[in-house]
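# Coordinates in review
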Amino acid sequence: GAGVSQSPSNKVTEKGKDVELRCDPISGHTALYWYRQSLGQGLEFLIYFQGNSAPDKSGLPSDRFSAERTGGSVSTLTIQRTQQEDSAVYLCASSSQTGSSYEQYFGPGTRLTVT
Amino acid sequence: QQQVKQSPQSLIVQKGGISIINCAYENTAFDYFPWYQQFPGKGPALLIAIRPDVSEKKEGRFTISFNKSAKQFSLHIMDSQPGDSATYFCAASDGGTASKLTFGTGTRLQVTL
């Protein structure tokens with residue numbers, strides 16, 4: 001079956017512009033996570049959606065970052081007024097959280113470059 | 001504040017050798033410790049995971065050793081192969097498997113012929 005997909009795969013934007021990154025989780029997965037991977041760094045948690053519960057936004061670095069998940073499926077991460085320090089690979093993961101399988105399956109990521 | 005410290009940053013091992021990557025954590029509430037493997041241009045993939053109620057878990061050539069009192073855990077790759085060349089991340093969560101992960105900074109492993 002299809003894995004987690006993300007689009008675009010690469011995005012170059014000018015400082016100050018807004019960007020939207022999209023994540024399509026594995027069908028039926030109720031949990032969706034966004035992480036950020038900066039060069040030479042590990043993955044940094046951003047936000048977590050679980051079913052209809054309020055999202056855990058504790059990892060969002062500033063109020064320029066927001067995310068939504070429509071219909072319990074597709075998610076969009078929006079970065080407003082992008083800064084050069086926002087340049088990173090943004091990874092999405094989903095999880096079924098049923099039975100014994102809670103593994104987070106990651107997409108290939110969106111590489112964001114802010115010039 | 002880095003809650004999971006990973007070492008070494010890079011590692012070169014000969015084919016057939018043992019690769020060892022270490023992680024240490026600070027948060028005693030962590031109760032799930034997975035290792036992820038990442039190839040260039042790909043997202044991380046779960047390799048093996050452990051909970052603190054056991055001290056060791058083995059899956060094929062991959063073994064996690066866990067020391068709860070020292071708050072340390074390590075990945076051992078036996079009979080390392082060139083195909084194992086990748087970046088490895090340790091991680092931890094405090095809500096079991098259904099929770100956000102805190103990652104180490106990664107170890108770039110190169111297995112030479």
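Residues numbered from 1 in each chain as written. Chains lettered and ligands numbered in written order. Predicted model: local features only at pLDDT ≥ 70, side-chain atom pairs only at ≥ 80, totals over all residues. Heavy atoms only, no water.

## Observations concerning the pairing of strand β11 (residues 107-112) of chain B
All names here are of chain B. Burial of β11 is one-sided: the residues Thr 107, Leu 109 and Val 111 facing one way are buried, the residues Arg 108, Gln 110 and Thr 112 facing the other way are not. Relative to β11, strand β2 (residues 10-14) is paired through five bridges, and the arrangement is parallel. Across the sheet, the residue bridging to Ser 10 is Arg 108, located in β11. (Buried < 20%, exposed > 50% of the residue type's maximum accessible area, 1.4 Å probe, protein only. Helix = DSSP H or I, 4+ residues; strand = E, 2+ residues; numbered from the N terminus. Pairing = 2+ DSSP bridges.)

## Comments concerning the interface of chain A and chain B
Often, the extent of an interface is quoted as the loss of accessible area on bringing the components together. With 19 residues of chain A at the contact, the number on the chain B side is 16 residues. For the pairing of chain A and chain B, the buried interface totals around 1400 Å² over both sides, and the portion due to carbon and sulfur atoms is 55%. Our enumeration of links across chain A and chain B arrives at one salt bridge. Put simply, Lys100(B) and Asp56(A) hold a salt bridge, and the shortest N to O gap is 3.7 Å. Taken together, the links from chain A to chain B amount to four residue pairs in polar contact (both at pLDDT 80 or more). Counting only elements with at least two residues in the side of chain A that touches chain B, the list comes to β4 (31-37) and β5 (43-50) of chain A. (Contact = heavy atoms within 4.5 Å. Buried area = accessible area lost by both parts, 1.4 Å probe. Salt bridge = Lys/Arg side-chain N within 4 Å of Asp/Glu carboxyl O. Polar contact = N/O pair within 3.5 Å; in protein donor to acceptor, adjacent residues only side chain to side chain.)

In short, the description is geometric, and any link to function would need to be established separately.
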